[in-house]
Structure formats: structure tokens, C-alpha cells
Number of protein chains: 2
Amino acid sequence: MKAVIISIGDELLIGQVINTNSAFIATHLNGAGVEIARVITVGDDLPAILDVLRTSVGHYDAVIITGGLGPTHDDITRTAMCRFFNTELVPSDEAKESVAKFLRQRNFPWSDSATNQTLIPRGARIIPNEFGTAPGELFERGGTSVIVMPGVPYEMESMITGFVVPYFAARSAGTYIIHRTLKTTGIAESALAQKLDPVQEIIGGHKLAFLPSPYGVRLRISVVSADHEAGIAAAADIEQKIRRRAGEFIYGTGDDELEEVLGRLLAEQKLTIAAAESCTGGLIMDRLTNVPGSSAYTERGVVAYSNASKTELLGVDPALITSFGAVSEEVARAMAEGIRSRSGVDIGLGVTGIAGPTGGTAEKPVGTVWIACSDSSGTAARRYAFGTGRRRVKQRASQAALEMVRRRLTGLG
Amino acid sequence: MKAVIISIGDELLIGQVINTNSAFIATHLNGAGVEIARVITVGDDLPAILDVLRTSVGHYDAVIITGGLGPTHDDITRTAMCRFFNTELVPSDEAKESVAKFLRQRNFPWSDSATNQTLIPRGARIIPNEFGTAPGELFERGGTSVIVMPGVPYEMESMITGFVVPYFAARSAGTYIIHRTLKTTGIAESALAQKLDPVQEIIGGHKLAFLPSPYGVRLRISVVSADHEAGIAAAADIEQKIRRRAGEFIYGTGDDELEEVLGRLLAEQKLTIAAAESCTGGLIMDRLTNVPGSSAYTERGVVAYSNASKTELLGVDPALITSFGAVSEEVARAMAEGIRSRSGVDIGLGVTGIAGPTGGTAEKPVGTVWIACSDSSGTAARRYAFGTGRRRVKQRASQAALEMVRRRLTGLG
């Protein structure tokens, strides 16, 4: 099946918002056997929307539209759909129910704009919106399935996974595009490429992409196959070959986040964790507590930015700070041991470093971070150089700290 | 002047790479008086490329193409340009010089693929590539300027700023596109729309867009003007009219983040802040410490997830938790007052709630959050309903907590 994505919104045309929606849609529809032939972005402009509908509906199996479904004057996608399909807006009980449910959850009162959101083009099916008032719409016309969704990413994403993917998966039996993503951390892209060289021996006629981010390099295996089982097997074979050469750096697959993987390990091993954070400023605890059910293993954490707070909250000896500096192996160890003994958790993390942009010296430049991990077997510490960029330093340091615990819990040391 | 951006590359259609190039191009061309009418993404596919060229060249003032200029077998953009303009590749001395200069700088040897990169469609002007071997191309045909650049972001970006922007600025003298963004929080999109109704009275013939996110609604004013000063003045006038009706909800403009705005207020007023976080799990402290220089006003913070930690780290009376529950006005107040008195800061925040997906009850459903703010003038607390979605609840709660402090420091209460 071939599809066109139409992204609607002036904000996309002036470069204020980067179009991340189309990448999300493409990834998920590929998994349902739908290939994206084209992505077209237009403004909140009726003639332009009608023009791209004319060149798409009837020419492709699917047209996926996002944006312009909200309640304000610049949201004209519903109007465009009515005009294009020569129909009109009519009240929908199903839409009313979906909007009412959302407003109840948020304690928002019913308003004129809510009533407006219950009007749907006649003949469209409703795609419920779990996270907003604008319902999605499905039209099946002339061999094309037309899906209309809001542009707000989380509203759109829940419609894609909850409705759109199952809908197309049921229709696309015959060709399969299989993607498998392996998430690595703690190894540079070039070092990883060297470990996997020559890559043709691993992938044969298939595809492997290296996708770097502050949290590590994702490896994306892509296999196109007429047979679903054979495609899955080919991807699994490539995965095994990669794991034999670089397995220790792979912490997860697909959308796994390191904090989720670590959370599962902690829950399985019935261990608790607490972080004493200086330069990461709360990001490690924030990530740990993003995971549903994390209260089973996280119970507290401390952001100890100042020297005084390191002493008062964690019992770090002021003499250590004076002798070695706040960014030092000794202080990182004392922070990890301090949070562990004071909170009674199994694993204590201590992180101290220079996030920048100021505060660096020749000996300890911006990006220098000491991370220590303490448990009943002892305390280990390591120095890292995370480069520049305040937020990136925080992200890399949080990832390295979580990875240090993962390696310890999986016996990688 | 109106333009179309054509992004070429299979990686964009499978969602492996997010199209950030078109946002960069749009932002910079807007500044040169060029309005983007459409962004079209196609694969490395000759018929598809020829098809979009046919619908673009001659229909717009400018066509900006990126991708598929490299030396490998799947780079077919030059071939497509020759086919479309009915011409052929010829050796170019200017291209040869540009490629040789780049290779010398990087100490790379000359190669067959370098020779290949010196072949340019007859009649095209060269756009030098400072950071790679593939030169850009400029065609001027039938009233349309066609620019072809590599897809590698930093190669493309240096061509845009060094060549393309000056090129169009010289041609578009007389038209200016002015954007101004106001960032609001604490008010729903529909309520904001109601405050600004009827919007035509505010914007006249100009544009106003509502862009919602978990952190609030951005309002974007867009003015097109033949006179730069008059355009700036029109945007400022619209901003003033919006501020008169909804000014209290506007915390910043442009790319301002609330934590930056709040950081400036805290630094100016020489105040310090600390957060005692339960459901936000460190996100408030993480956001505060994302701001360079934040160590001037943040010194510590506490993540108090468990009841025991609320008592041990913040001195919350266990009887309060037993009587009112951990998610209650009383406990939020005690957390805010506890962190303030124990750490000696000027402003203490206490946040306790149910991020979900479990833990909700009929009386306190998922998304219920109590936020308290304590300073020398007393403690205020408020109950919020942030809906579902664990991460979004955390984001909204962190934003509401920071906003509570901003309102206090600016006298909005």
C-alpha cells in the first residue's frame, strides 16, 4: 500500500515547528505494511489544502492528514474536508461522548468551542481523541482511506497506535517492511561502526542505519519481505550477528528507554535506588520516575547543587571538597555512599560535574563529570568527558549513570 | 516571493530522519522576504522527482531542493535536473576548484568520486560547498530560481546563509514577513480564544495562530508588510491588544522558556528557590538547572516520593499524611514549608499528585496534583487536574509550579 502524508499548519512553513509528526507516522505505518510515497506540507490555506487533496485522494491507497482540527479560527481542515467531499458538518453523538469524557477528566467546563468540536463531516467515521477535544476522522472514498488527525503530537500519536496502525495492518497483507531498532549507549558511532565492519557480512542485502543522539547510537535494521515470517527471521539473524560483536552496549530494542530497562532489572532483583545529583540537577530522578510503577524502586532523591547541601543532605566531609574540589572522584564517591546510607536504599548514585557554559578550567574543562555507584559490594567511580552544551552534558551524564547501574545489575561490570 | 521546498531522500519517507532542513530553510528565507508555500518530501526516485519539478518550476518564484547530490548510486538529483531541463552533465572548472579546495583542507586524496562531483548540468551556476564535495546548483528558468543543495545539514546551512539568503534578499526588496510569538500558560486554548474574540478586531488583515503544547499555548502573530518599520509596528500593536486582554497568562516571547523567565526574575530580585517534589520526580529542579547561571538561585532540591522521605527530608508530620493522604493541600503546604525552612531558601515549592497510570481514585483521579508555594509572605496552595499521561502530568505540574512562582514575583498573585 502507498500513502501520502499531508501536514497542515503555517507554523511548519515558517520553520517555527519542525515536522516530527510525519517521521512518527512513517515509522508506524511502515510497520503496518504502508509505504510513504510523499510528504506534503501546506499552510492553513483552503485552496492549497484542496489542491493537495485533489492530487492525492484516488491516486494513493491512503492519505494521512494532520493539523488544523482545533477549535480556533485558523483551524480549517474540517471545512476543507467538507468542501472536498461535498458534504457538511453534522452533530455526532460519538464525538460528543469523546469530548465530554476528555473535559470531565480535566475538570474543564463545557464551552461553545467544545460544542463546535462535536460537529463532524457527514459520512466520516470518528477516531476518538484520548488527549484532546478534536476527534479524528476517517473517510473511505474511491479506493483511498483518508485519515484526518490533530497536529498536536501526543494526540496524533495515540490515534496512530490505537486506531490507524491496526486499521491498515488489517488491509495490507502481502508486503512487509520490518524495522528492528537496537539501542546502544557508551560507545561512539565510529567505534561501533568499526566493531560491525565489514557491515555487508552482517546485513547481506538488507539495510542498517546508525542514528546518533545524546543518549547513544540507535541501530536500525530494515528488511523488506514478501513473507512476514521470513522477514522477521532475517531481521533476527542480523540482530544476532550485531549482538555477537557489540552486545554489551545494547541496552534495549525498539522504543525502550534505559530508565525502563533499568526499572525492570531493579524490580526483578527487588532492589531500590536513589540518586544524589549535582550537575544533572534532578534529571536522573526525573527519568527514573517517568516509568510507571517506579515507586517500587525509587523512594527519594536529592539535588545537591551547592557545597553546603552536599554536606547537609549527604554528609559529604567539607574537607574532601576543599582538598579535591566539588568535581572529583572523592566527592562523587562520598555523594553515592551518603545517599545510600542516609536513605537505606540498595544502590546509591553520586554525580558531580561541570555542565557549563562557565565553570570549566584547563584541568577540568566543561563536560567533565564524575559518576559513582555504591552498593553492598562497594563503590566504583569513573570520570567522563561529555563535551559542551549544558543540556547535552546533563543528558549524557544521566545516561552514563543509569548505564553504570545497568552494567552492574547484568554482571557486565 | 513564494517558494516550494523539495526534500529528497528515502530516509525521510521511512521516518528514520526527521526533516529539520526545511525548518532551517524556511526560517532563513522568511528573513529574506521569501514565503514558503509548500514543503514536499519525495524518495530517491526519478519519476517522483520529475513530477514535483513539473508542478513547481514555473508556478513559484523559487524552488529549493535538498538531497541526492552525493556521489553514490542512490544520489539521482543531478540526473533528474538534467532530464527536467533537457540538458547534460559537463565538467566545470569552478566545481573542480571548489572540490579541490575542500579535499586539500581535509588532507583527503583526489578520487574518482571527486571527479564525478565536478560534473554539473550545463547552464547551472555553482554554489560552492565549504564543508563537502558536492557543489550546489542554481538554475534561473521561466521566472523561477531553482536552488539545488546537498541534504547534509551543515553543508546545506552554509550554502543558505552564504549564498541563498543574499541571493533572494537582493530580489525581494520591498516585502518583509514579521513573526512574533507570545508564550502563554495556565489557560486552555479555547478559553484563550474566547478572551481574544472577535479576533479580527485584534489582528485586522494579519494572522494569529494558536499552538498548544503540554507547557501552554503559543500565540504566533504574522505580519506581511512592504515596509519593515511599519510591519514591526503592526506586530507590536497586535501584541499590545492581546496583552490587554490576556497579558497575565503571557510569560515570555519567542523562544523563552518559563524556567529562563523565572530565573531572570529570581536573579533580579536576589531570591533563592528550592523544590520538594513528589509526583514531578525531579523535573522542576531539572528545568530550573537547565538555565546557565542557575546556581545563583538554586542550591538544592529534594525528590520525596515515599511518605517516609516526606517526613525525614522535609519534616512533614506523619499525622497529616494519615489524616489527609499524601496527595492533599495539607501535605503540599507542609512540603513547601519544610523545604523552605530546612534549606533556608526564600521560596519553597511543594508538589504532590498522582501521575498515573495507576493510583487514581474517584475522589482523586489520575492527574490530580496539589502545588504549594511558600515564602516570607505565607503559603498558598492550589489543586489542579492535569488529565492522563504520566509524562504530560509531570510536565504540566512542573509548568504550573514555576508559573505559580512567576505570578507571585510579578505581583499577579
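Residues numbered from 1 in each chain as written. Chains lettered and ligands numbered in written order. Predicted model: local features only at pLDDT ≥ 70, side-chain atom pairs only at ≥ 80, totals over all residues. Heavy atoms only, no water.

## Examining the overall build of chain A
From N to C terminus, chain A includes 16 helices and 17 strands. With the principal axes as the frame, chain A shows a C-alpha extent of 80 × 60 × 40 Å. Evaluated residue by residue, chain A yields a buried proportion of 57% over its 413 residues. Looking at chain A alone, contacts between residues at least 24 apart form 66% of all its contacts between residues at least 6 apart. As displayed, chain A has an accessible area near 16300 Å², and 51% of this comes from carbon and sulfur atoms. Side-chain charges in chain A split into 42 positive and 45 negative, and the spacing between the mean points of these groups amounts to 4 Å. (Helix = DSSP H or I, 4+ residues; strand = E, 2+ residues; numbered from the N terminus. Buried < 20%, exposed > 50% of the residue type's maximum accessible area, 1.4 Å probe, protein only. Contact = heavy atoms within 4.5 Å. Areas by Shrake-Rupley, 256 points an atom, 1.4 Å probe, with all protein chains shown as cover. Lys, Arg positive; Asp, Glu negative; His and termini not counted. Charge placed at Lys NZ, Arg CZ, Asp CG, Glu CD.)

## What about the pattern of salt bridges?
All names here are of chain A. Tallying each qualifying case throughout the model produces 41 salt bridges over all chains. With a closest N to O distance of 2.5 Å, arginine 180 and glutamate 239 form a salt bridge. Of the two residues, arginine 180 sits in strand E9 (residues 176-184) while glutamate 239 sits in helix H10 (residues 228-246), which places them 59 residues apart along the sequence. In this structure arginine 180 comes out as partly exposed when scored by relative accessible area, which is 32%. (Salt bridge = Lys/Arg side-chain N within 4 Å of Asp/Glu carboxyl O.)

## Observations regarding the sheet that holds strand E15 (residues 347-353) of chain A
Within a sheet, adjacent strands bond to each other through the backbone by hydrogen bonds, running parallel or antiparallel. What the 10 strands build is an open sheet, ordered E17(A)-E16(A)-E15(A)-E13(A)-E14(A)-E14(B)-E13(B)-E15(B)-E16(B)-E17(B); its pairing is mixed. The sheet is open, and its two edges are formed by strand E17 (378-385) of chain A together with strand E17 (378-385) of chain B, each paired on a single side. In this sheet, neighbouring strand axes are inclined to one another by 15 degrees on average, regardless of whether the strands run parallel or antiparallel. Pairing analysis gives 6 bridges linking E15 of chain A to strand E16 (residues 368-375) of chain A, with the strands arranged antiparallel. Bridge pairing links leucine 349 of chain A to cysteine 373 of chain A in E16 of chain A. (Pairing = 2+ DSSP bridges. Axes fitted to C-alpha atoms, helices over the stretch in contact; angles between N-to-C directions.)

## Section: the interface of chain B and chain A
Between chain B and chain A, the residue contacts involve 78 residues of the former and 73 residues of the latter. Summing the contributions of chain B and of chain A, the shared interface buries around 5900 Å²; its carbon and sulfur component is 51%. For the salt bridge of aspartate 286 of chain B with lysine 394 of chain A, the shortest nitrogen-to-oxygen distance reads 2.8 Å. Where chain B packs against chain A, one counts 41 residue pairs in polar contact (both at pLDDT 80 or more). In this structure, strand E14 (residues 300-304) of chain A lies alongside strand E14 (residues 300-304) of chain B, joined through 5 bridges in antiparallel fashion. Opposite valine 302 of chain A, over in E14 of chain B, you have valine 302 of chain B as the bridge partner. (Buried area = accessible area lost by both parts, 1.4 Å probe. Polar contact = N/O pair within 3.5 Å; in protein donor to acceptor, adjacent residues only side chain to side chain.)

## Structural notes on the packing of helix H2 (residues 21-31) of chain A against helix H7 (residues 153-169) of chain A
All names here are of chain A. It is the contact of H2 with H7, at a shortest axis distance of 10 Å, that shows an interaxial angle of 20 degrees. Looking at the two axes, H2 sits roughly parallel to H7. Like other packed secondary-structure pairs, H2 and H7 cross with a definite hand, here right-handed. Of H7, the residues touching H2 (which contributes Asn21, Phe24, Ile25, His28 and Leu29) are Pro153, Met156, Glu157, Ile160, Thr161, Val164, Val165 and Phe168. Grouping the amino acids of the contact of H2 with H7 by side-chain chemistry returns 9 nonpolar, 3 polar and 1 charged. (Parallel < 35°, antiparallel > 145°, perpendicular 65-115°, else oblique. Left-handed = near helix turned anticlockwise from the far one by under 90°. Nonpolar A, V, L, I, M, F, W, Y, C, P; charged D, E, K, R; others polar.)

## Here we look at the packing of helix H13 (residues 307-314) of chain B against helix H15 (residues 329-343) of chain B
All names here are of chain B. Closest axis-to-axis distance for the H13/H15 pair is 9 Å, and the angle between their directions is 35 degrees. On the side of H13, the interface is formed by Lys310, Thr311, Glu312, Leu313 and Leu314, while H15 contributes Val331, Ala334, Met335, Gly338, Ile339 and Arg342. Looking at side-chain class alone, the contact of H13 with H15 contains 6 nonpolar, 2 polar and 3 charged residues.

## Quick word on helix H13 (residues 307-314) of chain A
Within H13 of chain A the residues assigned to the buried category are Ser309, Lys310, Leu313 and Leu314 of chain A. With its buried residues spanning 105 degrees around the axis, H13 of chain A presents them on a single face. Tucked into the core, H13 of chain A has its buried residues touching strand E13 (273-277), E14, helix H14 (318-324), helix H15 (329-343) and E15 of chain A together with E14 of chain B. Within two residues after H13 of chain A, glycine 315 of chain A carries a phi angle of roughly 70 degrees, on the positive side. (Arc of directions from axis to C-beta.)

## What about helix H16 (residues 390-409) of chain A?
Residue and element names in this part refer to chain A. Helix length check: H16 (20 residues) gives 29 Å between terminal C-alpha atoms against 28 Å at 1.5 Å per residue, within 8%. Buried residues dominate H16, accounting for 16 of its 20 residues. Phi for glycine 411, located one or two positions after H16, is positive at around 75 degrees. (Expected span 1.5 Å × (residues − 1).)

Scope: geometric values only; no functional claims are made or implied.
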